[in-house]
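Here is what each chain is made of, one letter per residue.
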Amino acid sequence: MNQNQLKQAVAQAAIDRIVPHLEPSAVLGIGTGSTANFFIDLLAEYKDKFAAAVASSNASAERLRKHGIEVRDLNDVSEIGFYIDGADEADPNLALIKGGGAALTQEKIVAAVARTFICIADQSKQVQVLGKFPLPVEVIPLARNYVARELSKLGGRPVYRAGVVTDNGCHILDVHDLQIHDPVGLEQRINQITGVVTNGLFAMRRADVLLLGTETGVQTITRDSVLNP
């Protein structure tokens with residue numbers, strides 16, 4: 001199976017997991033990126049089974065609307081049952097690196113609201129230690145060089161993602177050369193740097209379920225199985 005077929009498989013697995021739990025009043029959280037796009041396209045078949053979606057990016061919102069799915073502002077929603085999104089890396093404890101698509105802040109906010117965060121990814125995203133994929137950090141433009149200097153003090157090599165402006169009007173620094181053995185600690189430390197909006201570590205709010213596309217089928221890893229192997 002090629003990578004797109006693996007993404008399609010995990011998107012279908014996510015559909016199979018959530019559809020039995022959908023209710024007419026339900027609001028879903030939808031992430032950003034190529035794997036999330038596969039999920040959105042499959043979700044369209046079931047648009048009459050739930051009320052609306054909250055999107056983590058303008059691109060995902062546009063794709064949802066093209067399928068006739070209502071998109072709501074998160075401020076108008078009190079509860080999200082499921083948040084479905086991809087990842088750039090996932091470790092054995094279901095901590096993630098996200099933000100390759102520059103939507104990390106919105107993704108982190110929607111994930112925080114959701115009761116259940118389902119991460120869908122192909123096997124290339126599974127790692128033992130986070131950090132091979134450069135860690136995205138969203139920054140206020142005025143603070144970009146200052147934040148870069150502070151990130152260098154943490155042992156990383158920040159690179160400005162030139163030409164990219166987030167949906168929030170901010171910039172992205174991609175931090176290379178990290179080996180992240182303490183994802184929660186590093187997430188907190190980076191977020192304390194003045195000028196940082198947030199970073200792409202999803203460790204304080206990890207995934208609850210990881211659906212991992214492999215050559216032998218979709219593997220399901222849950223936080224319960226991580227804590228109680």
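Just so we're clear, the structure is a prediction, and the values are computed from it rather than from any experiment. (Residues numbered from 1 in each chain as written. Predicted model: local features only at pLDDT ≥ 70, side-chain atom pairs only at ≥ 80, totals over all residues. Heavy atoms only, no water.)

(A) Examining the packing of aromatic side chains more closely. Under the counting rule described, the total for this entry stands at two aromatic pairs. Look at Tyr83 and Phe117: their rings are 5.1 Å apart centre to centre, the planes differ by 40°, and that puts the pair in the tilted class. Placement of the pair is Tyr83 in strand 3 (residues 80-85) and Phe117 in strand 6 (residues 114-122), with a sequence separation of 34 residues. Overall, Tyr83 belongs to the buried group, its relative accessible area being 0%. (Phe/Tyr/Trp six-rings, centres within 6.5 Å; stacked < 30°, edge-to-face > 60°. Helix = DSSP H or I, 4+ residues; strand = E, 2+ residues; numbered from the N terminus. Buried < 20%, exposed > 50% of the residue type's maximum accessible area, 1.4 Å probe, protein only.)

(B) Structural view of the pattern of salt bridges. Applying the stated criterion to the full structure yields 13 salt bridges. A salt bridge links Glu107 to Lys98; the nearest nitrogen and oxygen atoms lie 3.3 Å apart. Taken as a pair, Glu107 and Lys98 share a single burial class, namely buried. Residues Arg223 and Asp208 are paired through a salt bridge, measuring 3.5 Å at the closest nitrogen-oxygen approach. Residue Arg223 is found in helix 7 (residues 223-227), and its partner Asp208 is found in the loop between strand 11 (201-202) and strand 12 (209-214); the two are separated by 15 residues along the sequence. Given a relative accessible area of 17%, Asp208 falls into the buried group. (Salt bridge = Lys/Arg side-chain N within 4 Å of Asp/Glu carboxyl O.)

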